[in-house]
Amino acid sequence: MSDVLARRKRLLGPHVTTFYKEPVHLARGEGVWLWDTDGRKYLDCYNNVPHVGHCHPRVVEAIAKQAATLNTHTRYVHDGILEYGEALTAKFDHDLTSMVMVCSGSEANDVALRMAQAMTGKTGLITTDNTYHGNTAAVSQLNSSKEPIGGFKDHVKRVPAPDNMQPAGGTRDGQKAAFTAAVKAAIAELEASEYGLSALIICPYFANEGFPTLEEGFLDEAVAAVHAAGGIVIADEVQPGFGRIGSHWWGHQKLNFAPDIVTLGKPMANGHPVAATITRPEILTAFQEGFKYFNTFGGNPVSAAAAHAVLNVIEDEGLVENAADVGSYAVAQLKELQAQYDVIADVRGSGLFFGVELWRDGKPATEVCTAMIDEMRDRGVLLHSEGRYDNTLKIRPPCAFDRSNADMLVETMTAAFEAVL
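Now for a look at the structure at hand. Because the structure is a prediction, the values reported are computed rather than measured. Counting of residues starts from 1 at the beginning of each chain's written sequence and follows it residue by residue. Residues qualify for local features only when their pLDDT is at least 70, as the model is predicted, and side-chain atom pairs are given and counted only at 80 or more; totals for whole chains, interfaces and linings, by contrast, use all residues. Computation of side-chain values: all heavy atoms of the structure, hydrogens and water removed.

### Regarding the overall build of the chain
Scanning the chain for helices and strands turns up 13 helices and 16 strands. Here the C-alpha radius of gyration of the chain, 21 Å, is about what a compact globule of 421 residues would show, namely 22 Å. Along the three orthogonal principal directions, the C-alpha set of the chain runs to about 60 × 60 × 45 Å. For each residue, the accessible area found with a 1.4 Å probe, counting protein chains only, is set against the maximum for its type, and the residue is called buried under 20%, exposed over 50%, and partly exposed in between. The buried share of the chain, reckoned over its 421 residues, is 55%. Secondary structure is summarised from DSSP: a helix means a run of H or I of at least four residues, a strand means a run of E of at least two, and numbering begins at the N terminus for each. Atoms counted for the radius of gyration: C-alpha only. Globule rule: 2.2 Å times residue count to the power 0.38.

Right, dumping it as structure tokens:
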């Protein structure tokens, strides 16, 4: 392993990240399982990119078949992207019937920001103070984890992210009003500046913020305020999308609001680099008239085939329903575990995106969380952390995860708590 890590450091840079105190050197995957180069098997409870399971045979077949037939870009006419686009946009309401296909969620969000600029003629943005939306120069201005060189620009206003343990406004009941007030204040500040309000961009599950428990309608007043000011609402569905949250195909459906633009990425083609920006026809037209844009690999026939196969597998294998069932089952078991360990302050989630927040002596138990992640890895279960303090065990497995997998997760977590505490 030391030789591999030295090569990695030399080729990829000294600060390229790895998971776990002892990184996992992977060799292959299948379904919800991963194997390392020593043949050790791990239950994957974290990777949402292989949405329908690692190396799903139908996705592999679709990629291989199309790659053996044709692969080119969208300046040539090809049926595959149209057939996929029609199937995908049929999953949306609110006249979200047009799309731009790209290669990553970062690109999708970058395009979405430009769509909002083209539609409004303004550049000011609102996001939360504990978020992540990607890696382009424009999108990195939204992120809260590391300040860009040159600093954060003042066209971005941040509002307090909702939170179960430290809610905006001081109470869970008052959190919606506090969030709305913060958005309205940000709108006023932008409208009084040279930037004006272009868009509010949020993950509707607030995934990187720690996926707090929010009721339907939480964003209603904030969204209404943005629209009243002429702004655009962007829903970043890269993490909650494609049925992961169980109750709905999309996170914005769970909160029941109408976005103007939706961005998709990670799980869209089960690991093949595919992403998209979905919007209304008039917004896409404004974008195309305002910006010269072309993406060589976005929407190529192989990518479209991979993504369409994923869509079909989700439907044919009932993975949205599976996420709802298995997620509820797992959360119920983890709530029983909560009664055994005082360090577990909160158990929450929706579908196959759930977790356990750890606090000790009135403070975030980040060190315990870090220790748990490595202990779980050593016991053959892969997961990681999330939230403002990295004190929440984040569980986000492939959507083929079943109840027996959930049993193994909880049993291993119980043993890990016994070892760590």
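### Considering the side chain of R348
Along the chain, R348 turns up in strand β11 (residues 344–350). For R348, a relative accessible area of 5% corresponds to the buried category. Residues within four places of R348 in sequence aside, it is in contact with N164, G210, F211, P212, T213, F354, G355, E357 and T392. When checking whether two residues touch, look at their non-hydrogen atoms; a contact exists if any pair is within 4.5 Å.

### Looking at the pattern of salt bridges
Salt bridges, as used here, are contacts in which a Lys or Arg side-chain nitrogen is within 4 Å of a carboxyl oxygen on Asp or Glu. Considering all chains together, one arrives at 16 salt bridges under this definition. Shared partners join several salt bridges into a network, and the residues in it are E22, R377 and D378.

### With respect to the sheet that holds strand β2 (residues 33–36)
Across the sheet, four strands lie side by side as β1-β2-β3-β14; this open sheet has mixed pairing. The strands lining the two open edges of the sheet, one partner per strand, are β1 (26–30) and β14 (381–382). Across three bridges, the pairing between β2 and strand β3 (residues 41–44) is antiparallel. Its bridge partner lying in β3, W33 is registered against L43. Here, any two strands with at least 2 DSSP bridges between them count as paired.

### Some remarks on the packing of helix α3 (residues 79–89) against helix α10 (residues 301–316)
For any two helices packed against each other, one specifies the crossing angle of their axes together with the interaxial distance. With axes taken as lines fitted to C-alpha atoms, and helix axes fitted only over the stretch in contact, angles between N-to-C directions fall between 0 and 180 degrees. The contact between α3 and α10 brings their axes to 9 Å, and the two run at 30 degrees. One way to sum up the angle between α3 and α10 is to call them roughly parallel. The chirality of how α3 crosses α10 is left-handed. Judged by residue contacts, G80, I81, E83, Y84, A87 and L88 of α3 engage A304, A307, H308 and L311 from α10. When grouped by side-chain class, the residues that make up the contact of α3 with α10 number seven nonpolar, two polar and one charged. In these notes the angle categories are as follows: under 35 degrees is roughly parallel, over 145 is roughly antiparallel, 65 to 115 is roughly perpendicular, and the rest is oblique. With the far helix as reference, a near helix turned anticlockwise by less than a right angle produces a left-handed crossing, and one turned clockwise produces a right-handed crossing. Gly is placed with the polar residues, together with every amino acid not listed as nonpolar (Ala, Val, Leu, Ile, Met, Phe, Trp, Tyr, Cys and Pro) or charged (Asp, Glu, Lys and Arg).

### Thoughts on the sheet that holds strand β4 (residues 98–102)
On the basis of which strands lie adjacent, the open sheet formed by seven strands has the order β4-β10-β9-β8-β7-β5-β6 and mixed pairing. Strands at the two margins of the open sheet, each flanked by one partner only, are β4 and β6 (156–159). Between one strand axis and the next, the sheet turns by 20 degrees as a mean value, whatever way the strands run. Direction of pairing for β4 relative to strand β10 (residues 275–279): antiparallel, over a ladder of five bridges. Along β10, the bridge assignment pairs M99 with I278. The sheet strands contacting α3 are β4, β9 (261–264) and β10, and the helix crosses β4 at an angle near 120 degrees. Strands β5 (124–128), β6 and β7 (197–202) of the sheet are contacted by helix α6 (residues 175–191), whose axis makes an angle of about 165 degrees with β6.

### Quick look at helix α9 (residues 281–290)
Those residues of α9 not exposed but buried are I283, L284, A286 and F287. Buried residues in α9, looked at end-on, bunch into an arc of 160 degrees, giving them a common side. Exposed side chains of α9 directed beyond 90 degrees from the buried face belong to Q288 and E289. Residues of α9 that are buried sit in contact with β4, α4 (105–120), β8 (232–236), β9 and β10. To be clear, the arc concerns the directions from the helix axis to the C-beta atoms.

### What about the side chain of D374?
Of note, D374 is situated in helix α12 (residues 366–378). Here the positive residues are Lys and Arg and the negative ones are Asp and Glu; neither His nor the chain ends is included. Here D374 is buried and forms no salt bridge, its nearest opposite-charge partner K21 lying at an N-O distance of 5.2 Å. With near-sequence residues (within four places) excluded, D374 lies in contact with Y20 and K21.

### Things to note about the nonpolar core
Throughout this description, the term nonpolar core refers to a set of buried Ala, Val, Leu, Ile, Met, Phe, Trp, Tyr and Cys residues connected via side-chain atoms within 4.5 Å. Judged by nonpolar contacts, the single largest core of 92 residues is most densely connected at L88, F242, L358, L393, L409, M413 and F417. Element by element, the count of residues in this core is highest for α10, at nine residues. Residue contacts for F417: discarding those within four places in its chain leaves L337, Y341, V343, I344, L358, M372 and L393.

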